[in-house]
Amino acid sequence: GDPLPSSTMASWPHRMKYMAREFFSSLLSKGGEEKTLVNYDTLNEVTEDGAEIKPTPLQSWQRQLQRAQGCCRGGCQITKRYSIALLSSLGFLISFGIRCNMGVAIIQMTENTTSHLEHHLRAAPEFDWTPGTIGLVDSSFFWGYLVTQIPGGYLASRHAANKIFGVAIGTSAFLNMFIPGACKVHYGLVMLVRILQGLVEGVTYPACHGIWRYWAPPLERSRLATISFCGSYAGAVVGMPLSGILTEGLGWESCFYVYGAMGMLWSIMWWFLSYEKPADCPSISEEEKIYIETTLRESGVTVIKEGKTPWKAFLTSMPVYAIIVA
């Protein structure tokens, strides 16, 4: 490129801008025969005599950046991949809120209440559950949750991951509405319902990873996945106080019904608004679809090789055990 003008030598921001421009220019122009994630985005122009005018590396980079940000001629709007990320984040928010319901409601379910009769007697709790029983009810969700982690990954790799994700949260929300009735029958029935909830919710994380296999361009994968998984932490932040407000204002049963209804409504929305691949989505822009499919194809992400699962290599891999220990 041109040498750095002497007038800009004293200006640190200008020097940084120049260095960044030169870096990306050299990066994109390196290896003319080499395939990169942006080679397809040349948008070459043709002169009157038919000669082709290729854009400079900097122009190619700028066009790539516009495409990545989802900009269009009429202005900026949220792209389909980011709408799926936000919607899946909302699903995780509801899912983790469901887990908070029992922990909050059980306080009112098992506490002594003051009777407003003439002598202000202390009334017995509605459910005379021991601390051991409460511990079993609380932990039973994770008995099922533990079991379906690996099978969930297998299912997400063989079937439409978006459908598995939506059905899992919708089913858990539906089961949540049975918990108040189960509590009045026997705590063992409550444990059964919560085990079933854990079983179906155990596939949500693997399924969400399966969604981004087709929807996340390589340079945006961590950002999109983070947006999705942030909903799980937000779910605990929102779920605890909201469950408490509902329990105090409408009774302990209300948090189960409200979260159950929200989860089922979300599941219906997700079923009609999400798609397994960009090619299946009728509402995605042609520009975004080409961008996602091309970047995935050129990075080799969507290439799935048939073969046996290398279990021996997994079980003898030190990095695998390092991750497990961590």
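- The name given to the protein chain in an unreviewed UniProt entry is Vesicular glutamate transporter, with the source organism recorded as Platynereis dumerilii.
- In its Subcellular location (unreviewed entry) section, the UniProt record describing the protein chain reads: "Membrane".

Description of empty space enclosed by the protein
Right, so step 1: Across all of its chains, the model carries one cavity of 30 Å³ or more by this definition.
Right, so step 2: The computed volume of the largest cavity comes to approximately 30 Å³.
Right, so step 3: Around the largest cavity, the lining residues are A161, N162, G210, I211, R213, Y214 and E276.
Right, so step 4: Of the residues forming the lining of the largest cavity, the biggest block, four residues, is contributed by helix α9 (residues 204–215).
Right, so step 5: A per-class count over the lining of the largest cavity returns three nonpolar, two polar and two charged.

Notes on helix α6 (residues 161–176)
Right, so step 1: Taking 1.5 Å of rise per residue, 16 residues should cover 22 Å, and α6 covers 23 Å from first to last C-alpha, within 8% of that figure.
Right, so step 2: Here α6 lies mainly inside the structure; 12 of its 16 residues are buried.
Right, so step 3: Those residues of α6 lying buried are A161, N162, I164, F165, G166, A168, I169, G170, S172, A173, L175 and N176.

Overview of the packing of helix α3 (residues 80–110) against helix α11 (residues 252–273)
Right, so step 1: Between α3 and α11, the shortest axis-to-axis distance is 9 Å and the interhelical angle comes to 165 degrees. With respect to their mutual orientation, α3 and α11 come out roughly antiparallel. Handedness of the α3/α11 crossing: left-handed.
Right, so step 2: A class-by-class count of the residues in the contact of α3 with α11 yields 17 nonpolar, six polar and one charged.

Observations regarding the pattern of salt bridges
A pair can form between side chains of opposite charge whenever their charged atoms are brought close.
Right, so step 1: Tallying each qualifying case throughout the model produces five salt bridges.
Right, so step 2: For R99, the salt bridge is made with E201, and the minimal N-O distance between the two is 3.3 Å. Pair noted here: R99 is in helix α3 and E201 is in helix α8 (residues 187–201), with a separation of 102 residues, a long-range link. Exposure class is identical for R99 and E201. Each is buried.
Right, so step 3: Residues E253 and K184 are paired through a salt bridge, measuring 3.7 Å at the closest nitrogen-oxygen approach. Remark: K184 occurs in helix α7 (residues 179–185) and E253 occurs in helix α11; sequence separation between them is 69 residues.
Right, so step 4: By sharing partners, the salt bridges in this structure join R81, E220 and E288 into a single network.

Basis of the calculations
Residues numbered from 1 in each chain as written. Predicted model: local features only at pLDDT ≥ 70, side-chain atom pairs only at ≥ 80, totals over all residues. Heavy atoms only, no water. UniProt positions renumbered as here; feature names shortened; annotations may be inferred. 1 Å grid on protein atoms, 1.4 Å probe; cavity = no way out; pocket = protein on both sides within 12 Å on 5 of 7 lines; lining within 4 Å. Points joined across faces, edges and corners; volume = space filled by probe spheres on them. Helix = DSSP H or I, 4+ residues; strand = E, 2+ residues; numbered from the N terminus. Nonpolar A, V, L, I, M, F, W, Y, C, P; charged D, E, K, R; others polar. Expected span 1.5 Å × (residues − 1). Buried < 20%, exposed > 50% of the residue type's maximum accessible area, 1.4 Å probe, protein only. Axes fitted to C-alpha atoms, helices over the stretch in contact; angles between N-to-C directions. Parallel < 35°, antiparallel > 145°, perpendicular 65-115°, else oblique. Left-handed = near helix turned anticlockwise from the far one by under 90°. Salt bridge = Lys/Arg side-chain N within 4 Å of Asp/Glu carboxyl O.

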